[in-house]
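Tertiary structure, described
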Amino acid sequence: MASFLYRLGRFAFHRRWLVTAAWLAVMIAALVGAATLSGPTQDSFSIPGTPAQKAVDLLAERFPQASADGATARVVFAAPDGKKLTAPAYRSAINAAVAELKRAPQVASVNDPFTSGTVNDSGTIGFAQASYTVKSDELTDATRDALAAMTERARASGLTVEVGGDASDTPAKQGLAEVIGVVVAAIVLVITFGSLVAAGLPLLTAILGIGIGIGSISALSGFVDLSSKTPILALMLGLAVAIDYALFIVSRYRSELAAGHEPPDAAGRAVGTAGSAVVFAGLTVIIALAALAVVGIPFLAQMGLAAAFTVAIAVAMALTLLPALLGITGRRITAGRIRGLRSGVPAGGTTFGVRWARAIARRPVAVLLVAVVGLSVVALPALDLRLGMPDDSTAAPDTTQRKAYDLLSAGFGPGFNGPLIVVVDAPIGTAQAAGERAAQQIRGLDDVDAVTNPKVNKAGDTAVLTVIPASGPSDTATEDLVRAIRDRDGSVPGATIGVTGLTAINIDISAKLGAALAPYLTIVVGLAFILLMLVFRSLLVPIKATLGFLLSLAATFGAVVAVFQWGWFADALGIKQTGPIISFLPVILIGIVFGLAMDYQVFLVTRMREEYVHGTPAREAVITGFGHGARVVTAAAIIMISVFSGFILGPDAIIKSIGFALGIAVLFDALIVRMTIVPAVMILLGKSAWWLPRRLDQILPDVDVEGEKLRHLLDDAPAQPPVHTPQHASV
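Quick look at the structure, then. (Residues numbered from 1 in each chain as written. Predicted model: local features only at pLDDT ≥ 70, side-chain atom pairs only at ≥ 80, totals over all residues. Heavy atoms only, no water.)

Focus on the packing of aromatic side chains
Applied cut-off: In summary, the pairing rule links any two rings of Phe, Tyr or Trp, Trp by its six-membered ring, whose centres are within 6.5 Å, and it sorts them by plane angle into stacked for under 30 degrees, edge-to-face for over 60 and tilted for everything else. Secondary structure counts use DSSP, requiring at least four H or I residues in a row for a helix and at least two E residues in a row for a strand, with both numbered from the N terminus. Buried residues are those whose accessible area, probed at 1.4 Å on protein chains only, stays under 20% of the maximum for their type, while exposed residues exceed 50% and partly exposed ones sit between those limits. Geometrically, a lysine NZ or arginine CZ counts as sitting over a ring once it is within 6 Å of the ring centre and also within 35 degrees of the ring normal.
On inspection of all chains with the given rule, the structure shows nine aromatic pairs. Both rings, one in phenylalanine 127 and one in phenylalanine 412, keep their centres 5.5 Å apart while their planes meet at 90°; by these two values the pair is edge-to-face. Linking phenylalanine 127 in strand β3 (residues 125-132) with phenylalanine 412 in helix α14 (residues 400-412), this pair joins segments that are 285 residues apart in sequence. By the burial criterion, phenylalanine 127 is buried, and phenylalanine 412 matches it. Look at phenylalanine 549 and phenylalanine 594: their rings are 4.5 Å apart centre to centre, the planes differ by 90°, and that puts the pair in the edge-to-face class. Within this pair, whereas phenylalanine 549 is found in helix α18 (residues 540-565), its partner phenylalanine 594 is found in helix α19 (residues 585-613), the two being separated by 45 residues in sequence. Among the aromatic side chains, those forming a connected cluster through ring pairs are Phe127, Phe412 and Phe416. Over the ring of phenylalanine 13 we find arginine 16; its NZ or CZ atom is 5.1 Å from the centre of that ring.

Structure (structure tokens):
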């Protein structure tokens, strides 16, 4: 591996303009594809095969006018204090609003609150339910404008008018908040290298890589229905790893130049050594993300594969485009040096990394206990983790969706915000009787506030009921009611009973995601364990890496619960509403955090193993290897934290929670687990850290990630005359 990458690095260095032109051509093609082929993305989530989705599919086939999967809008009207909606002026305004809504584009049906019984007993609050022919992310601007205009005209009559439902959701547009993270990353790179040229190369490769990755994903959206979160997650992760991978190789290249090697040889050695670590670190991230495809949840598979693609692009560019750019800059890699900043070891002294490692080596047990106990305390809030899908109850208090939710709860009870649609599938001509019998049975269940009379399709083989729970959409009692209704399946002779609606769909999605956690974690940990065993030729190092990941993951969940569920520091982070954690966040977090944790494990411990296989005693190998890698790993962690944290400032609540979770996970894993716990454990293990059973040692291939064979090959080779680099590529 190292020898191949060495040759690849030298090839890219010598064929710098060809390689650079090839990557630019790929980027242009991706951007042209994005501009000409891209299609709309989706904000809704669905999982084929769930009970709720099966009921939706049945309604689409048998009862298309029900628009079961179409967008809905609940227009809530509230009379002023002391007044009623039945007053002539208010009634006239509501009738005009309903008539206007019926004429709006893409509207399938609208229920009049006075004729459909959706005015509360006191006559102060009522609502009109509008069903649309398409999903919320397919609504046109004209449709949304018509809904907003109707709302404003109704408010002019003196009524309080608020709109809930997914038709009222305005698609969130990610702003330029991530630019802040890139700016911070640039500052960290300048401080790390002390040179503007060296700092610019990782940023340049990252920008080009993101252009290719996001451009390709956007072009794909013209052929495949993609979630709106897919390109944002790919951008978030691709940007962070691209900068980090280039950082490691540029740092190694400068070290090789400082050791007296000519630029082409230095580039080859940097790609052969640091590039090997990049390959295996990237493979670990790709495995973790691609494994999302095996959990059976399509939108998660899309997100994982898209992000894995951007990581693969980042790895490929680090191994080819970066040495080509090094060839263009030559020895000017140190140009633009900023006075007062130093990038190497201070004269006559030792680096902070060495001093830190020696401090840990003096009290490894105490350091280990403090770090483990500290992260365990941070993890405690995770015991209160509650998962759910976003709805109007989790919207910000000042939004019309949340106001509509609160008005409905006050006027009718919380269950009106989460009606259940019960679908009765019966033989032709028997749906009316089957629907009435099902309605009678459901009325006898706990937590049922109301059940409508069945509506039957023309063929008489499908009946639809609306069930209003007594509890809110995210309450446990509502979940129990959904299960209880489904348990009635078979109680009506010859008919089957299904439950759907947004509440039931969200319950099924949460259950499916929860069930996917264990097998996904097993697959990710298992495959990555094998990969790490190949890299380090050790059993204990992969075990230690996995346990450290689990500890940082628990602490991350604790921090997420404390901030997004309990509300700690919510105002400071711009979080307007707390509530259950989005259901798919744990699965996403497990995959990405595991991949990134193994990144830092590979980059840091590889240098320790490199020192050990070169003959340094185990204890000193840990200290020396840590000293070599600590500065760069710390810089890489700060860059990732900065990039992820930039997304916390964005408007989308889901992206905000993912950005925070990934940023705090890197903080815990890189700066506490890898920079503190890892050296403490390695010091305690000593030579046994590198133990591998003899039989296993004979079976496993030697991938030479630390470049030992490459070093012997190059050092033992006859001296070669220095390769002349063009004048423009040298100082």
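Remarks on the pattern of salt bridges
Rules: Whenever a carboxyl oxygen of Asp or Glu lies within 4 Å of a side-chain nitrogen of Lys or Arg, that contact is scored as a salt bridge.
Within this structure, the stated rule accounts for twelve salt bridges. Arginine 153 is the partner of glutamate 100 in a salt bridge, and the nearest nitrogen-oxygen pair spans 2.4 Å. A residue pair is termed long-range when its members are at least 10 positions apart, and glutamate 100 in helix α4 (residues 88-102) and arginine 153 in helix α5 (residues 141-155) qualify at 53 residues. Here arginine 153 falls in the exposed class, since its relative accessible area comes to 52%.

Describing the pairing of β3
Where a strand is regular, its side chains alternate between the two sheet faces. Basically, it comes down to this: Strand pairing is assigned whenever DSSP identifies at least 2 bridges connecting the two strands.
In terms of burial, β3 is a largely internal element, eight of the eight residues being buried. One ladder, built from seven bridges, connects strand β1 (residues 72-78) with β3; its direction is antiparallel. Directly across from valine 75, in β3, lies its bridge partner alanine 128. Where strand β2 (residues 107-110) lies against β3, three bridges are found, and the strand directions are antiparallel. Residue pairing for β3: serine 109 is matched across the bridge by serine 131.

Considering the packing of helix α9 (residues 263-290) against α19
This is how the line gets drawn: Note on geometry: axes are lines fitted to C-alpha atoms, helical ones only across the stretch in contact, with angles between N-to-C directions running from 0 to 180 degrees. Any angle that falls under 35 degrees is termed roughly parallel, while one over 145 is termed roughly antiparallel, one within 65 to 115 roughly perpendicular, and all others oblique. Crossing handedness is read from the near helix: turned anticlockwise from the far helix by less than a right angle, it gives a left-handed crossing, and turned clockwise, a right-handed one. For this analysis, residues touch if any pair of their heavy atoms sits within 4.5 Å.
Relative orientation of the contacting elements α9 and α19 amounts to 165°, with a least axis distance of 8 Å. The orientation of α9 relative to α19 falls into the category roughly antiparallel. Judged by the twist between their axes, the crossing of α9 over α19 is right-handed. For the pair formed by α9 and α19, the contact residues are Ala277, Val278, Ala281, Gly282, Thr284, Val285, Ala288 and Leu289 on the first element and Gly591, Ile592, Phe594, Gly595, Leu596, Met598, Asp599, Val602 and Phe603 on the second.

Some words on the nonpolar core
For the record, the criterion: Put simply, buried Ala, Val, Leu, Ile, Met, Phe, Trp, Tyr and Cys residues joined by side-chain atoms within 4.5 Å make one nonpolar core.
Counting residues in each nonpolar core, the largest one holds 187 residues, and the members touching the most others are Leu237, Tyr245, Ile485 and Phe584. Excluding residues within four positions of it along the chain, isoleucine 485 makes contact with Leu420, Val422, Ile442, Leu445, Val467, Ile497 and Val499. Grouped together as the second largest cluster of nonpolar side chains are 28 residues, Ala73, Ala130, Val134 and Leu139 included.

Side note on unusual backbone geometry
Located in the positive-phi region is glutamine 106, a residue other than glycine, with phi close to 65°. Inspection of the secondary structure assignment puts glutamine 106 in the loop between α4 and β2. The partly exposed category is assigned to glutamine 106, whose relative accessible area is 22%. Positive phi, normally seen in glycine, also occurs at phenylalanine 569, with a value near 60°.

So, a nonpolar patch on the surface
Let me state the cut-off plainly: Only residues whose relative accessible area exceeds 30% and that form no salt bridge enter a patch; like-charged residues are grouped when within 9 Å of one another, and nonpolar side chains (Val, Leu, Ile, Met, Phe, Trp, Tyr) when within 5 Å. To be clear on the numbers: accessible area is Shrake-Rupley with a 1.4 Å probe, and residue cover counts the displayed protein chains and nothing else.
A surface patch of nonpolar side chains, amounting to about 370 Å² of accessible area, comprises Leu37, Leu220, Phe223 and Val224. As for its position among the elements, valine 224 is in the loop between α7 (196-220) and α8 (229-258).

Comments concerning the sheet that holds β3
Read across the open sheet, the four strands follow the order β2-β3-β1-β4; overall the sheet is antiparallel. Each edge of the open sheet is held by one strand with a lone partner, namely β2 and β4 (160-164). Averaged over neighbouring strand pairs, the angle between their axes works out to 20° when direction is ignored. Across the sheet, α4 lies against β1, β2 and β3, angled at about 155° from β2, the strand it touches most. Helix-sheet contacts for α14 involve β1, β3 and β4, and the interaxial angle to β4 is about 105°.

Focus: the side chain of serine 510
The test is simple: Two N or O atoms count as a polar contact when they lie within 3.5 Å, although within protein this holds only if one can serve as hydrogen donor and the other as acceptor, and sequence-adjacent residues are included solely when both atoms are side-chain atoms.
With respect to the secondary-structure elements, serine 510 resides in helix α17 (residues 502-536). There is a polar contact of 2.7 Å between the side chain of serine 510 and the side chain of serine 583. The residues touching serine 510, leaving out its near neighbours within four places in the chain, are Gly388, Met389 and Ser583.

Purely geometric numbers; function is a separate question.
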